[in-house]
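A look at the structure
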Amino acid sequence: MSLISYFRETKPSSAKLAKERLQVVIAHQRGERNSRYEFLPAMQREVLEVIRKYIPVDQEQVQVHLEQEGDYEVLELNVTLPDKP
Amino acid sequence: MTSGKGGVGKTTTSAAFATGLALRGHKTVVIDFDVGLRNLDLIMGCERRVVYDFINLVQGEANLNQTLIKDRRVEGLYILPASQTRDKDALTREGVGQVIDELKAADFEYIVCDSPAGIESGAQMAMYYADEAVVVTNPEVSSVRDSDRMLGIIASKSRRAEQGDEPVKEHLLITRYAPARVSDGDMLSVDDIVELVGIGLLGVIPESESVLQASNAGQPVILDEKDPAGQAYSDVVARFLGEQVPLRFVEAVPKGLLKRLFG
Ligand SMILES: Nc1ncnc2c1ncn2[C@@H]1O[C@H](COP(=O)(O)OP(=O)(O)OP(=O)(O)O)[C@@H](O)[C@H]1O
Ligand SMILES: [Mg+2]
């Protein structure tokens, strides 16, 4: 630190401020990222149960996909029906 | 080489990194994915030798031999230029995958993909087939935030993510670093950025005037062995290849006594 800035009022460094702001936005970003996908397995299980009330299907015959396309998201649900007896 | 944010040094890094790999004896090609905004050819100094481009190749209008430009300085270094005129939608995932398979079949050890800015189709195309990603980040708020965004996209949209393979290996590369500004408290430090972005650090490239001079001359900056940025890029390549190399150019050069007193 220089003699002059030593006597200047100490203000918080701008890098410190940058770091604090980034900690908040990045945590938020990561939260969004994760929560967006977090519910999918649970939803897949519930959907499977509902379908099974009517059709005998296995777990891998029900696929759930979330796709981001530009500004909107597409939730894709794919059910493979069993072969006809 | 990816970043989200534009203008952080992806093309500078792609050119230096590919050149460094070839200098160490690895057959390397560097592909410009910035369709419509070709720049890598200028940075590599081969702009007058472009005949066919990546899109001609993807669409089968030219073959690999016709399209690849062989570097005249470094053995085993090739450039695949982007198209200047075509629409970026001309790059299809299948087409790009075929070109990458062809390059592998032609014994290329490293395929360096210079991503366009943004997080949309062009950037996603550049990272889709990646085994490793270098996230180029400047010590500045919007670049750091965008790097984190890009990591989210790599983790969910790469082929490795889609197929449930082992995830893409991610590396942080901090460029345009100014140690003096860091010690003045005006710039995020290496430690701050590593902590925020949360991936392994591959290297730190200092801000350097030589980068502009190198681009003026069409010489990848890594060929400038006296320049700190060139040397830092050599270290990055060595580290990428598994060598233990300490960080350089991250401490501020001590000021003279007078400057320290009155600076
Ligand atoms: N270490 C450095 N020191 C000084 N200037 C640099 C450094 N790295 C890059 N630059 C400069 O920053 C500018 C942008 O670099 P570059 O074109 O490599 O970025 P980019 O990420 O590829 O940009 P785009 O997103 O537009 O493709 C150029 O003018 C380049 O000379
Ligand atoms: Mg670029």
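Now for a description of the structure that goes with this document. Just so it is clear, the model here is predicted, and its values are computed rather than measured.

Reading the values: rules and limits
All residue numbers here refer to positions counted from 1 along the written sequence of the relevant chain. Just so you know, chain letters begin at A and ligand numbers begin at 1, following the order they were written in. Totals for whole chains, interfaces and linings use every residue, but because this is a predicted model, local features are given only for residues with pLDDT of at least 70 and side-chain atom pairs only at 80 or more, for both listing and counting. Note that water and hydrogens are dropped before the side-chain values are worked out from all heavy atoms of the structure. DSSP-based pairing: two strands are paired if at least 2 bridges between them are found. In this description a helix means any DSSP run of H or I spanning at least four residues, a strand means any run of E spanning at least two, and both kinds are numbered starting from the N terminus. In this text, buried Ala, Val, Leu, Ile, Met, Phe, Trp, Tyr and Cys residues form a nonpolar core when linked through side-chain atoms within 4.5 Å. Accessibility here uses a 1.4 Å probe with only protein chains present; expressed as a share of the type maximum, an area under 20% marks a residue as buried, one over 50% as exposed, and anything in between as partly exposed. By convention in these notes, a residue is near a molecule or strand provided one of its non-hydrogen atoms lies within 4 Å of it. Identification of polar contacts relies on pairs of N or O atoms within 3.5 Å, with a donor-acceptor requirement for protein atoms, meaning one able to donate a hydrogen and the other able to accept it, and with residues adjacent in sequence counted only if both atoms are side-chain atoms. Amino acids are sorted into nonpolar (Ala, Val, Leu, Ile, Met, Phe, Trp, Tyr, Cys and Pro), charged (Asp, Glu, Lys and Arg) and polar (every other residue, Gly among them). Two kinds of site are reported from a 1 Å grid over the protein atoms alone, namely cavities, where a 1.4 Å probe fits but cannot get out, and pockets, open sets with protein on both sides within 12 Å along at least five of seven lines, and residues are called lining when an atom falls within 4 Å of a point. Grid points are joined across faces, edges and corners, and a volume is the space filled by probe spheres set on the points. Only C-alpha atoms enter the line fits that serve as axes; for helices the fit covers just the stretch in contact. Angles between N-to-C directions range over 0 to 180 degrees.

1. Structural notes on the sheet that holds strand β3 (residues 77-80) of chain B
Residue and element names in this part refer to chain B.
- As summarised here, the arrangement of the four strands in space is β2-β3-β1-β4, forming an open sheet in which the pairing is mixed. The sheet is open, and its two edges are formed by β2 (69-70) and β4 (110-114), each paired on a single side.
- Relative to β3, strand β1 (residues 28-32) runs parallel, the two being bridged by four bridges. Across the sheet, residue Val 30 finds its bridge partner in β3, namely Ile 79.

2. Observations concerning the nonpolar core
Residue and element names in this part refer to chain B.
- One finds Phe 17, Met 44, Ile 79, Val 112, Ile 205 and Tyr 233 to be the most contacted residues of the largest nonpolar core, which totals 33 residues.
- Going through the elements one at a time, α1 (10-23), α2 (40-44), β3, β5 (132-137), β7 (200-206) and α12 (228-240) are the ones with two or more residues in this core.
- In terms of nonpolar packing, the next biggest core, distinct from the first, is built from 24 residues, Phe 54, Tyr 78, Leu 80 and Met 125 among them.

3. Details of the site of ligand 1
All names here are of chain B.
- Taken together, 15 residues surround ligand 1, and among them Gly 7, Lys 10, Thr 11, Thr 12 and Ser 208 come closest.
- Contact between ligand 1 and Gly 9: an oxygen atom at 3.0 Å from a main-chain N or O atom of the residue.
- Counting residues per element, the ones that place at least two in the shell around ligand 1 are α1 and β7.
- At three residues, the largest contribution of residues to the shell around ligand 1 is made by α1.
- Residue classes in the shell around ligand 1 are distributed as five nonpolar, six polar and four charged.

4. Quick notes on empty space enclosed by the protein
All names here are of chain B.
- Applying the stated criterion across every chain yields a total of one cavity of 30 Å³ or more.
- Volume-wise, the largest cavity comes out at about 30 Å³.
- Lining the largest cavity are Gly 203, Val 204, Ala 232, Asp 235, Arg 239, Leu 247, Arg 248 and Phe 249.
- For the lining of the largest cavity, the secondary structure elements donating two or more residues are β7 and α12.
- Along the lines of polarity and charge, the residues of the lining of the largest cavity split into four nonpolar, one polar and three charged.

5. Re the sheet that holds strand β6 (residues 169-177) of chain B
Residues and elements named next belong to chain B.
- In spatial order, the strands read β5-β6-β7; together these three strands make up an open sheet with parallel pairing. Unpaired on one side and paired on the other, β5 and β7 mark the two borders of the sheet. Mean inter-strand twist for the sheet, computed between neighbouring axes without regard to direction, equals 20°.
- The pairing of β6 with β7 spans five bridges and is parallel. Looking at the pairing, Ile 174 lines up with Val 204 of β7.

6. Topic: unusual backbone geometry
Residues and elements named next belong to chain B.
- Its identity as a non-glycine residue notwithstanding, Asp 107 has a phi of 70°, on the positive side.
- Using a relative accessible area of 57% as the deciding quantity, one classes Asp 107 as exposed.
- Located in the positive-phi region is Phe 249, a residue other than glycine, with phi close to 60°.
- Turning to its location among the elements, Phe 249 is positioned in the loop between α12 and α13 (257-262).
- Note on Phe 249: relative accessible area 24%, which makes it partly exposed.

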